[in-house]
Amino acid sequence: MFPSHLKAVPLEKAYRLLNHGPTVLVSAQDQNHSDVMAAAWACALEFNPTKVTVVLDKSTKTRTIIENSGYFALQVPTLKQLEMVHALGSQSLHDVPDKLARCAVELFQFEQSDIPVVAGCAAWLLCELIPEPHNQQQHDLFIGKVIAAYADERVFRDGHWHYHEVEPEWRSIHHIAGGHFYTIGDPVAVAKPDE
């Protein structure tokens, strides 16, 4: 059973988990393997049904697992997971069979799902692959229909991120290049027209 502070997110609000452009972890499992990789190019695609996209290079084992199983998860890691995220993005299960152990990845599953997800993240989107062979082969672009979404209510609740209310270790990370990341910044808002 997963911790009580992890709550389901209504699918119509699930796109907000990715809308701020974080680096994500992509996890998947087939009959033979489980894997997790980091990805910087993931985004919301459609509201109803909720869909997401992620770019997965042909050289990654996670991509093969997703093609075999038809399912994957996107999760939003936090600053406290920076070293793990970088390690997951720098190693391949092809070359490092014990990659998940070396990277100290703790996996769990939400109820009614076999998709492995990474513990300690701020949000998770469980996805069913929408096969698009042309996009996958030509552009490495994978589309997923979100079948369930969850978030840690300490940092995401009522359809909104609350990074300003938690310690900096909870902030999302954003990969730039070569092991350089930024974290999400402070909130700013546009004044309402009647103010």
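What you see is a predicted model, and the numbers here were worked out from it, not measured in a lab.

Student: How do you make sense of the pattern of salt bridges when you look at a structure like this?
Tutor: When the charged atoms of two side chains lie near each other, side chains of opposite charge can form a pair. The full count for this structure, using the stated rule, is nine salt bridges. Here R63 ties to E67 by a salt bridge, and the two come within 3.4 Å at their closest N and O atoms. With R63 and E67 both in helix α1 (residues 61–69) and four residues apart, the pair spans about one turn of that helix. The exposure class assigned to E67 is partly exposed, which follows from its relative accessible area of 34%. Among the charged side chains, a network of salt bridges with common partners joins K58, R63, E67 and D140.

Student: Is there a simple way to explain the nonpolar core in this structure?
Tutor: Where a protein is soluble and globular, its nonpolar side chains tend to be buried together. L17, V26, V54, F72, L74, L125 and W161 are the most contacted members of the largest nonpolar core, which totals 35 residues. Breaking this core down by element, the ones donating at least two residues are β2 (24–29), β3 (34–39), β5 (51–55), α1, β6 (71–76), β9 (123–130) and β10 (141–152). Those residues in contact with L74 that sit more than four places away from it in its chain are L18, V24, L25, V26, A42, V52, V54, A123, W124 and L125. In this structure, L25, L88, C103 and Y150 belong to the second largest nonpolar core, which totals 23 residues.

Student: Just to check I follow, could you spell out the side chain of H174 for this structure?
Tutor: Within the secondary structure, H174 is located in strand β13 (residues 173–177). Here G21 takes part through its backbone oxygen, which lies 2.9 Å from a polar atom of the side chain of H174. With residues near it in sequence (within four places) discarded, H174 still touches H20, G21, P22, T23, H180, F181, Y182, T183 and I184.

Student: Explain the environment of G144 to me, please; I cannot follow it from the model alone.
Tutor: For G144, the location among the structural elements is in strand β10. Not counting the four nearest positions on each side in its chain, G144 is found in contact with T50, K51, V52, F72, C127, E128, L129 and I130.

Student: How do you make sense of α1 when you look at a structure like this?
Tutor: The α-helix advances 3.6 residues per turn, and as a result positions three or four apart in sequence lie on the same side. Of the positions making up α1, those classed as buried are K61, T62, R63, I65 and I66. The opening residue of α1 is T60, an N-cap whose side-chain oxygen sits 3.4 Å from the backbone nitrogen of R63.

Student: So what exactly am I meant to see when it comes to the packing of aromatic side chains here?
Tutor: How two aromatic rings sit relative to each other is set out by the distance from centre to centre and by the angle between their planes. Using the criterion set out here, one finds seven aromatic pairs in the structure. Centroid distance F110 to Y150: 3.8 Å. Interplanar angle 5°. Geometry classified as stacked. Here Y150 lies in strand β10 and F110 lies in the loop between β7 (107–108) and β8 (117–118), a separation of 40 residues in the sequence. An angle of 70° between the planes, with centres 5.0 Å apart, marks the rings of F156 and W161 as edge-to-face. Taken individually, F156 and W161 each receive the classification buried, so the pair is uniform in this respect. Clustering of aromatic rings is evident, with ring pairs tying together F108, F110, W124 and Y150. Cation over ring: K80 sits above W170, and NZ or CZ is 3.4 Å from the ring centre.

The rules behind these values
- Residues numbered from 1 in each chain as written.
- Predicted model: local features only at pLDDT ≥ 70, side-chain atom pairs only at ≥ 80, totals over all residues.
- Heavy atoms only, no water.
- Salt bridge = Lys/Arg side-chain N within 4 Å of Asp/Glu carboxyl O.
- Helix = DSSP H or I, 4+ residues; strand = E, 2+ residues; numbered from the N terminus.
- Buried < 20%, exposed > 50% of the residue type's maximum accessible area, 1.4 Å probe, protein only.
- Core = buried A, V, L, I, M, F, W, Y, C linked by side-chain atoms within 4.5 Å.
- Contact = heavy atoms within 4.5 Å.
- Polar contact = N/O pair within 3.5 Å; in protein donor to acceptor, adjacent residues only side chain to side chain.
- Phe/Tyr/Trp six-rings, centres within 6.5 Å; stacked < 30°, edge-to-face > 60°.
- Lys NZ or Arg CZ within 6 Å of the ring centre and 35° of its normal.

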